[in-house]
Amino acid sequence: MPCQITLQPSGHQFNAERTETLLEAALNAGVNLPYGCRNGACGACKGRIVEGEVELGAFQPTTLTEADRAEGRALLCTAHARSNLTLEIREVGKAGEIAPRTLPCRVERMERLTPDVMALWLKLPANERLQFLPGQYIDFLLKDGRRRSFSLANHPEHDALIELHIRHVPGGWFTDQVFGSMKVKDILRIHGPLGSFCLNESDKPAILLAGGTGYAPMKSILSHALHAAEGRHFILYWGARTRADLYQTEGPQQWVQQFPRFNFIPVLSEPGADDAWNGRTGFVHEAVLADFADLSGVEVYACGSPAMIDAARRDFTGRGLPSDAFYADSFSFQG
Ligand SMILES: Cc1cc2nc3c(=O)[nH]c(=O)nc-3n(C[C@H](O)[C@H](O)[C@H](O)COP(=O)(O)OP(=O)(O)OC[C@H]3O[C@@H](n4cnc5c(N)ncnc54)[C@H](O)[C@@H]3O)c2cc1C
Ligand code: FES
């Protein structure tokens, strides 16, 4: 018998089978809850069990900490209902309103942006467009049912081609193909748009924290928001190892000239002697901590490795950032 799930504060209700995760049950019922990785790594789907029993499933302990569990929190992408439940979680509005679709696409262009980052531009069939909100991602649907997620980098209205920035994971099943055998005109299958990592409507200054190819969704967000969100201040902190690992920097540099309410701070963790780097150094989230004694009045949007996201979440909330003002897409592995 399915369990009845009631959401707070909305009062929305849906049924969940014991075999499906709470997130699957909600999405199947048309209830749009926030999510990102769907495998217990990013924390986007974290909610609080107000009443009832759940089985937490396989989550990463850094994402659902002991303190979280003591407060009754659960990751809805891994948790299963074991009784009727009352859950506290914020629902998403617009991102979930775009139904994901499965589409074929053709590799139109490939460009090495750095030694280990490839930009892919994908073309959809004639008369097809992928509607998405800046910050969302797509999954490649591969053989054997494997899926690999990548964030959309293009401006949502410039959707003739889909732009992705793909970092090579040596030995990786998919990215080895991208850097090895993939060529222009290859046909792939994608599913999207997915995820709820999107800019909130707010007047608060937004700190955008990107690690490596975490720049991809930030490029999409900024190319839209700098024109649309009038008056809002944005700072992009972009971390990479060396100068050669930063790419397309002419984009943010041009926005700095064009928009006085935008600032761009590249941060290198291991600048080489040849880099002649006189910019910021160290871990990218520490550059934010060095600049902000108090983060209580901002929102943070972070995208990159799980380690960077975890460190930023921990240290920023320790600096006064409300935990519901930290939005992240963690580049976890689907393997
Ligand atoms: C929502 C979301 C959005 C993402 N967006 C992007 C993006 O825009 N650009 C981008 O470059 N990546 C992005 N990623 C990460 C990307 O999906 C993975 O790097 C990719 O799936 C690796 O696929 P693979 O088949 O080559 O490696 P796999 O065959 O899956 O992995 C091989 C081994 O490499 C390790 N590994 C896999 N991925 C990584 C990684 N990212 N970092 C370190 N070690 C790894 C694992 O230990 C694994 O055992 C995103 C991930 C998520 C969840
Ligand atoms: S969507 Fe649940 S932890 Fe990422």
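Some remarks on the site of ligand 1
In the neighbourhood of ligand 1, 21 residues make up the surrounding shell, with Arg148, Ser149, Arg167, Phe174 and Thr175 lying closest. Contact between ligand 1 and Thr213: an oxygen atom at 3.0 Å from a side-chain N or O atom of the residue. Protein contacts shield 81% of the accessible area of ligand 1, which totals 910 Å² for the unbound molecule. Of all the secondary-structure elements, those providing two or more residues to the shell around ligand 1 are strand E11 (147–151), strand E12 (161–167) and strand E19 (326–330). When residues in the shell around ligand 1 are grouped by element, the largest group, four residues, is from E11. A breakdown of the residues in the shell around ligand 1 according to their chemical character gives eight nonpolar, ten polar and three charged. Structurally, the shell around ligand 1 is a two-domain feature, drawing no fewer than three residues from each of domain 2 (98–194) and domain 3 (206–330).

Focus: the pattern of salt bridges
Here the structure, examined in full by the defined rule, presents 15 salt bridges. Between Arg82 and Glu55 there is a salt bridge, with its nearest N and O atoms 3.0 Å apart. Taken as a pair, Arg82 in the loop between strand E6 (80–81) and strand E7 (85–88) and Glu55 in strand E4 (residues 54–55) lie far apart in primary sequence, 27 residues in all. Under the relative-accessibility criterion, Glu55 is labelled partly exposed at 42%. Across the pair Glu111 and Arg109 runs a salt bridge, and its minimum N-O distance is 2.8 Å. The exposure class assigned to Arg109 is partly exposed, which follows from its relative accessible area of 41%.

Comments concerning helix H7 (residues 306–318)
Over its 13 residues, H7 runs 18 Å from end to end, which matches the ideal 18 Å to within 8%, given 1.5 Å per residue. Those residues of H7 not exposed but buried are Pro306, Met308, Ile309, Asp310, Ala311, Ala312 and Phe316. As for H7, its buried residues are in contact with strand E14 (206–211), helix H6 (284–291), strand E18 (299–304) and E19. Note on H7: the residue one or two positions beyond its end, Gly320, has a positive phi of about 100°.

A word on unusual backbone geometry
Cis geometry is adopted by the peptide bond preceding Pro9, which originates at Gln8 and carries an omega value of 5°. Relative to the helices and strands, Pro9 is located in the loop between strand E1 (3–8) and strand E2 (13–16). With an omega of 5°, the peptide bond between Gly192 and Pro193 qualifies as cis. Positive phi is not limited to glycine here, since Asp144 has a value of about 65°. By secondary structure assignment, the location of Asp144 is in the loop between strand E10 (137–141) and E11.

Quick word on the sheet that holds strand E13 (residues 187–194)
Strand order in the open sheet made by the six strands is E11-E10-E13-E8-E9-E12, with antiparallel pairing throughout. Strands at the two margins of the open sheet, each flanked by one partner only, are E11 and E12. Strand after strand, the sheet turns through a mean of 40° between neighbouring axes, direction not considered. Across five bridges, the pairing between E10 and E11 is antiparallel. When the bridges of E11 are listed, Phe140 appears paired with Arg148. Strands in contact with helix H4 (residues 215–228) are E11 and E12; relative to E12, the strand with the most contacts, it is inclined by about 150°.

Rules and cut-offs
- Residues numbered from 1 in each chain as written.
- Chains lettered and ligands numbered in written order.
- Predicted model: local features only at pLDDT ≥ 70, side-chain atom pairs only at ≥ 80, totals over all residues.
- Heavy atoms only, no water.
- Near = heavy atom within 4 Å.
- Polar contact = N/O pair within 3.5 Å; in protein donor to acceptor, adjacent residues only side chain to side chain.
- Areas by Shrake-Rupley, 256 points an atom, 1.4 Å probe, with all protein chains shown as cover.
- Helix = DSSP H or I, 4+ residues; strand = E, 2+ residues; numbered from the N terminus.
- Nonpolar A, V, L, I, M, F, W, Y, C, P; charged D, E, K, R; others polar.
- Domains from an automatic or database assignment.
- Salt bridge = Lys/Arg side-chain N within 4 Å of Asp/Glu carboxyl O.
- Buried < 20%, exposed > 50% of the residue type's maximum accessible area, 1.4 Å probe, protein only.
- Expected span 1.5 Å × (residues − 1).
- Contact = heavy atoms within 4.5 Å.
- Pairing = 2+ DSSP bridges.
- Axes fitted to C-alpha atoms, helices over the stretch in contact; angles between N-to-C directions.

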